[in-house]
Amino acid sequence: MSRSLEYSNILNNQDPSSVKTYFEFYSKLSNQQNMIQDQVRTDTYYKAVMNNTIDFKNKTVIDVGAGTGLLSFFTSMAGAKVVFAIEASD
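Here the structure is a predicted model, which is why all the values come from computation and not from measurement.

**Student:** What am I meant to see in the overall build of the chain here?
**Tutor:** Per the secondary structure count, the chain includes 5 helices and 2 strands. Listed N to C, the secondary structure of the chain is α-α-α-α-β-α-β in terms of helices and strands. Scored against the burial criterion, the 90 residues of the chain give a buried share of 22%. Contacts in the chain between residues far apart in sequence, at least 24 positions, make up 36% of those at least 6 positions apart. Entry remark: accessible area of the chain is about 6,300 Å², with carbon and sulfur atoms responsible for 55%.

In structure tokens:
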């Protein structure tokens, strides 16, 4: 499941504890660290952005659910003019 679809499904759930659990999970540094250290995952995101620089060059990018800001950083490297990294976790 994509991150945005997972995020949408959780936020549409009416159980407030589910939303709280979701944000608590992603607010833990160890979980962010695990995702960044997943070289296959990180390299795949990097290649996807760098192989599509035309989609980012001189554009304004909004990364909703930015976490550590890694994807925001990649889009900046790809030439984005402005990048907004938005994160709701603590």
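Still more ground to cover, so stick around.
**Student:** I'm lost on helix α5 (residues 70-77) in this one. Help?
**Tutor:** Given 3.6 residues per helical turn, the α-helix brings residues three or four places apart onto the same face. Among the residues making up α5, those that are buried are S72, F74 and T75. Each buried residue of α5 sits inside an arc of 160° when the element is viewed along its axis, so together they form one side. Buried residues belonging to α5 abut α4 (39-50), β1 (60-64) and β2 (82-86). Looking at the residues trailing α5, positive phi occurs at G79, about 110°.

**Student:** When you look at the pairing of β1 in this model, what are you seeing that I'm missing?
**Tutor:** Along any regular strand the residues' side chains alternate between the sheet's two faces. Taking every second residue as pointing to the same face, the buried face of β1 carries V61 and D63, while none of T60, I62 and V64 on the other face is buried. Bridging between β1 and β2 involves 5 bridges; their strand directions are parallel. Among the inter-strand pairings, T60 is bridged to a residue of β2, identified as V82.

**Student:** Teacher, can you tell me more about the pattern of salt bridges here?
**Tutor:** Any two side chains of opposite charge can pair, on the condition that their charged atoms come close. The final tally for this structure, using the stated rule, is 1 salt bridge. Across the salt bridge formed by E24 and K20, the nearest N and O atoms sit 3.6 Å from each other. Residue E24 and its partner K20 are located together in helix α2 (residues 16-27), separated by 4 residues, close to a single helical turn. The class for E24 is partly exposed, based on a relative accessible area of 37%.

**Student:** I keep staring at unusual backbone geometry and nothing clicks. Help me out?
**Tutor:** Backbone geometry follows two general trends: most residues other than glycine have a negative phi, and most peptide bonds adopt the trans configuration. For N58, which is not a glycine, the phi torsion comes out positive at approximately 60°. Along the chain, the position of N58 falls in the loop between α4 and β1.

**Student:** Sorry if this is basic, but what is going on with the packing of aromatic side chains here?
**Tutor:** Here a ring pair, both rings aromatic, is described through the centre-centre distance and the interplanar angle of the planes. Evaluation of the coordinates by the stated rule reveals 2 aromatic pairs. On the basis of an interplanar angle of 80° and a centroid distance of 5.2 Å, the ring pair of Y46 and F74 is categorised as edge-to-face. Remark: F74 occurs in helix α5 and Y46 occurs in helix α4; sequence separation between them is 28 residues. For F74, a relative accessible area of 6% puts it in the buried group. Geometrically, the ring pair formed by F73 and F74 is tilted, given 6.5 Å between the ring centres and 45° between the ring planes. Among the aromatic residues, those joined into a ring-pair cluster are Y46, F73 and F74.

Conventions adopted
Residues numbered from 1 in each chain as written. Predicted model: local features only at pLDDT ≥ 70, side-chain atom pairs only at ≥ 80, totals over all residues. Heavy atoms only, no water. Helix = DSSP H or I, 4+ residues; strand = E, 2+ residues; numbered from the N terminus. Buried < 20%, exposed > 50% of the residue type's maximum accessible area, 1.4 Å probe, protein only. Contact = heavy atoms within 4.5 Å. Areas by Shrake-Rupley, 256 points an atom, 1.4 Å probe, with all protein chains shown as cover. Arc of directions from axis to C-beta. Pairing = 2+ DSSP bridges. Salt bridge = Lys/Arg side-chain N within 4 Å of Asp/Glu carboxyl O. Phe/Tyr/Trp six-rings, centres within 6.5 Å; stacked < 30°, edge-to-face > 60°.

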